[in-house]
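Descriptive analysis of the structure
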Amino acid sequence: RVAAPGPNPALFVDGEAANDGAKPAPLPPLEIRVTGNDGRTTRYSLGTSGRSLASGERFGFASRLDVPKNGVRTVLVTFAQ
């Protein structure tokens, strides 16, 4: 969501990663891609401290990012490779 808590608007991105498997699994860093209305994409990395998620465990995350000057077209959160 885009909000204007002050003179500059901010993009708030939050969500969670979950391990739906039967065994513990490593949690890779997350990559947030913000594409502006002009088609330019900015990538942000969100570290996960090399942690592992137990079966059924969830990892919540939240980031406050700059809004592209021309507005936001899309936001995509993926595991970094």
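All of the points below concern the structure found in this document. (Residues numbered from 1 in each chain as written. Predicted model: local features only at pLDDT ≥ 70, side-chain atom pairs only at ≥ 80, totals over all residues. Heavy atoms only, no water.)

1. Concerning the sheet that holds strand β4 (residues 30–36)
In spatial order, the strands read β5-β4-β8; together these three strands make up an open sheet with antiparallel pairing. At either end of the open sheet lies a strand with only one pairing partner, and these are β5 (41–46) and β8 (72–79). In this sheet, adjacent strand axes meet at a mean angle of 15° when their direction is disregarded. Where β4 and β8 come together, seven bridges link them in antiparallel fashion. Bridge assignment links Ile32 to a residue of β8, and that residue is Val77. (Pairing = 2+ DSSP bridges. Helix = DSSP H or I, 4+ residues; strand = E, 2+ residues; numbered from the N terminus. Axes fitted to C-alpha atoms, helices over the stretch in contact; angles between N-to-C directions.)

2. Overview of the side chain of Glu31
Structurally, Glu31 can be placed in strand β4. Among the polar contacts listed, one links the side chain of Glu31 to the side chain of Arg33, at a separation of 2.6 Å. Other than its neighbours up to four places away in sequence, Glu31 contacts Arg43, Tyr44, Leu76, Val77, Thr78 and Ala80. (Polar contact = N/O pair within 3.5 Å; in protein donor to acceptor, adjacent residues only side chain to side chain. Contact = heavy atoms within 4.5 Å.)

The quantities given are spatial measurements derived from coordinates; they are silent on function.
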